[in-house]
Amino acid sequence: MIKKFLKKINLFKTFKYNVVLNFSKKISGLPLAHKGFDFILSFSRSNYISYFVRPKYSKNFKQISTEEIDLKEFGIIIQGPVTNKKELNFLKETLKIYKLIFPKTFIIISTWENSYIDELETNEYIKVEKSKLPEKPGLANINYQIKSTSNAIKILKREGVRNILKTRTDCRIMKPNLKSYFLSLQKTFISENPKHSRIFASSVATCKYRIYGLTDILLFGSTEEIEAYFKDETEEEILKNYSFKKVINETAVMSEILLCARYLKIKGIKLDWTLEHWWYCLSKYFGIIDANSIDLLWYKYDWNFEQRFIRNYLFKSSRSIEFSEWLSLYNEFNLNFKTLNYKEKFYYDEKKKIMIKKSFL
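First, a word on what this report is: a plain description of the structure on this page. (Residues numbered from 1 in each chain as written. Predicted model: local features only at pLDDT ≥ 70, side-chain atom pairs only at ≥ 80, totals over all residues. Heavy atoms only, no water.)

1. Focus: the environment of Glu306
Our working definition: Labels follow the DSSP assignment, with helices taken as runs of H or I lasting at least four residues and strands as runs of E lasting at least two, numbered in each case from the N terminus. We call a residue buried when its accessible area falls under 20% of the maximum for its residue type, exposed when it is over 50%, and partly exposed in between, using a 1.4 Å probe and counting protein chains only. The contact criterion used is simple: two residues touch if any of their non-hydrogen atoms lie within 4.5 Å.
Along the chain, the position of Glu306 falls in the loop between β15 (296-298) and α10 (323-330). Look at Glu306 and you get partly exposed, because its relative accessible area is 22%. For the pair formed by Glu306 and Phe52, sequence separation is 254 residues and the distance between their alpha carbons is 9.5 Å. Ignoring anything within four residues of it in the chain, the contact list for Glu306 reads Phe52, Arg54, Asn292 and Leu296.

If you want it as structure tokens, here you go:
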């Protein structure tokens, strides 16, 4: 129907490579996805546009993991709210896919007493932990995240799980054989401190020019390190116990920055709140996992532009750091990031009690 319409208005010749009417059409000998009523229409004179197709539903996902990993070697925390039927259905399909790519893996869904989650099916591997909401959410709901994550960690510790992948209810991984990949990263890249293993974070939202800007969207590390990262303290307690101000060197000490800075101080690392020290810490104590390498979908905030953090050709450098750049830092190559004079600056609005982004440059 659409092809006939385009022919009638003499546009099919222009759009024939930019209209996808059937995702099950074979490309290089293989279909892209399940056949359905789908189409994409795009046209640009200035840009190359490509497409990434993922199935919404587990019934159209056929990949499986073939690796053999000890049950207690690897556990997963899926943390966050579930506020409506749409979010619940997304989580349900995620868990069905995880049965294929993370088989026989302890998975804790850590959420709140008021979450829309009663219909969720559990079994011997999948558990739901409902926490009581803290009295104060903290900026960007940081107290909620700390409480629910630390409660889930306690459960995995009781099960004897040695390593934890922490994600969110609005995230989905869709690549098989990843437990061995995460563990291989851990074995390959030894921490500067041999007594502690590295924490690996997703390239999504690990900001290159935000001091101590390690993302909290996806983190992987030993149970001991993840437990230290989400030590059960409120935002108010952290600010007091670690002598943090709400803004240091034009950096809002909140959310993921607060967690990262506290973790470093727990490890006995002196913070100087400069980008140079942030890049040093990235190279010595953390690691970066490219979102594409694990087929990570973050179903939030312009999710259909999933390269938004790492593909902006109008700036001299991307906002987030990728594995390729992190690997160069790890091997002590001088990337001269500071020569670009970029920095993410924030200020604190005392009246509204919020942090506001001021500038990227």
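2. What about the sheet that holds strand β11 (residues 219-222)?
Applicable threshold: Following DSSP output, two strands are said to pair if at least two bridges run between them. Lines fitted to C-alpha atoms define the axes, with helix axes restricted to the stretch in contact, and inter-axis angles between N-to-C directions lie between 0 and 180 degrees.
With mixed pairing, seven strands are arranged side by side in an open sheet as β7-β6-β5-β8-β11-β10-β14. Looking at strand neighbours, the two that pair on one side only are β7 (126-131) and β14 (286-289), the edges of this open sheet. Here the average twist between neighbouring strands, direction ignored, is 20°. For strand β10 (residues 199-202) and β14, the ladder comprises four bridges, and the chain directions are parallel. Bridging across to β14, Ile199 finds its partner in Phe286. Against the sheet, helix α3 (residues 85-101) contacts β5 (75-79), β6 (106-112) and β7, and its axis sits at roughly 170° relative to β6.

3. Regarding the packing of aromatic side chains
Going by this rule: Ring geometry is summarised as follows: Phe, Tyr and Trp rings, the Trp one being its six-membered ring, pair when their centres sit within 6.5 Å, and such pairs are stacked at plane angles under 30 degrees, edge-to-face over 60 and tilted between the two. The criterion for a charge sitting over a ring is simple: Lys NZ or Arg CZ within 6 Å of the ring centre, and within 35 degrees of the ring normal.
A full pass over the atoms with the stated rule returns 29 aromatic pairs. Seen from their ring centres, Tyr209 and Trp279 are 6.1 Å apart, and the 90° between their planes marks the pair as edge-to-face. Of this pair, Tyr209 sits in the loop between β10 and β11 while Trp279 is found in helix α9 (residues 275-285), placing the two residues 70 residues apart along the sequence. You'll find Tyr209 and Trp279 in the same group, each marked buried. An aromatic cluster is defined as three or more aromatic residues linked by ring pairs; in this entry it consists of Tyr212, Tyr229, Phe230, Tyr242, Phe244, Tyr263, Trp273, Trp278 and Phe286. One residue, Lys59, lies across the ring of Tyr57, its end atom 6.0 Å from the ring centre. Over the ring of Phe90 we find Arg172, and its NZ or CZ is 4.2 Å from the ring centre.

4. Brief notes about the pattern of salt bridges
Quick note on the threshold: Should a side-chain nitrogen of Lys or Arg be within 4 Å of a carboxyl oxygen of Asp or Glu, the pair is scored as a salt bridge.
For the structure shown, the criterion picks out 14 salt bridges. Close ionic contact of Lys157 with Glu227 constitutes a salt bridge, the shortest N to O distance being 3.2 Å. One end of the pair, Lys157, is in helix α4 (residues 142-158); the other, Glu227, is in helix α6 (residues 223-229), and 70 residues separate them in sequence. What makes Lys157 partly exposed here is its relative accessible area of 42%. Judged by its relative accessible area of 31%, Glu227 is partly exposed. Note that Lys284 and Glu332 form a salt bridge whose closest N and O atoms lie 3.1 Å from each other. With a gap of 48 residues between them, Lys284 in helix α9 and Glu332 in the loop between α10 and β16 (345-349) connect regions that are remote in the sequence. On the basis of relative accessibility, which here comes to 62%, the residue Glu332 falls in the exposed class. Among the charged side chains, a salt-bridge network with shared partners connects Asp70, Glu73 and Arg162.

5. With respect to the packing of α4 against helix α8 (residues 255-266)
The test is simple: When describing relative orientation, an angle under 35 degrees is termed roughly parallel and one over 145 degrees roughly antiparallel, while 65 to 115 degrees is termed roughly perpendicular and anything else oblique. It is the rotation of the near helix from the far one that decides the hand of a crossing: anticlockwise by less than a right angle makes it left-handed, clockwise makes it right-handed. By the convention adopted, Pro, Cys, Tyr, Trp, Phe, Met, Ile, Leu, Val and Ala count as nonpolar, Lys, Arg, Asp and Glu as charged, and the other residues, Gly among them, as polar.
Where α4 meets α8, the closest approach of the two axes is 9 Å, and the angle between their N-to-C directions is 50°. One element, α4, and the other, α8, form an angle in the oblique class. The way α4 lies across α8 gives a crossing that is right-handed. Within the contact between the two elements, α4 uses Ile142, Gln145 and Ile146 and α8 uses Ser255, Leu258, Leu259 and Arg262. Residue composition of the contact of α4 with α8, by class: four nonpolar, two polar and one charged.

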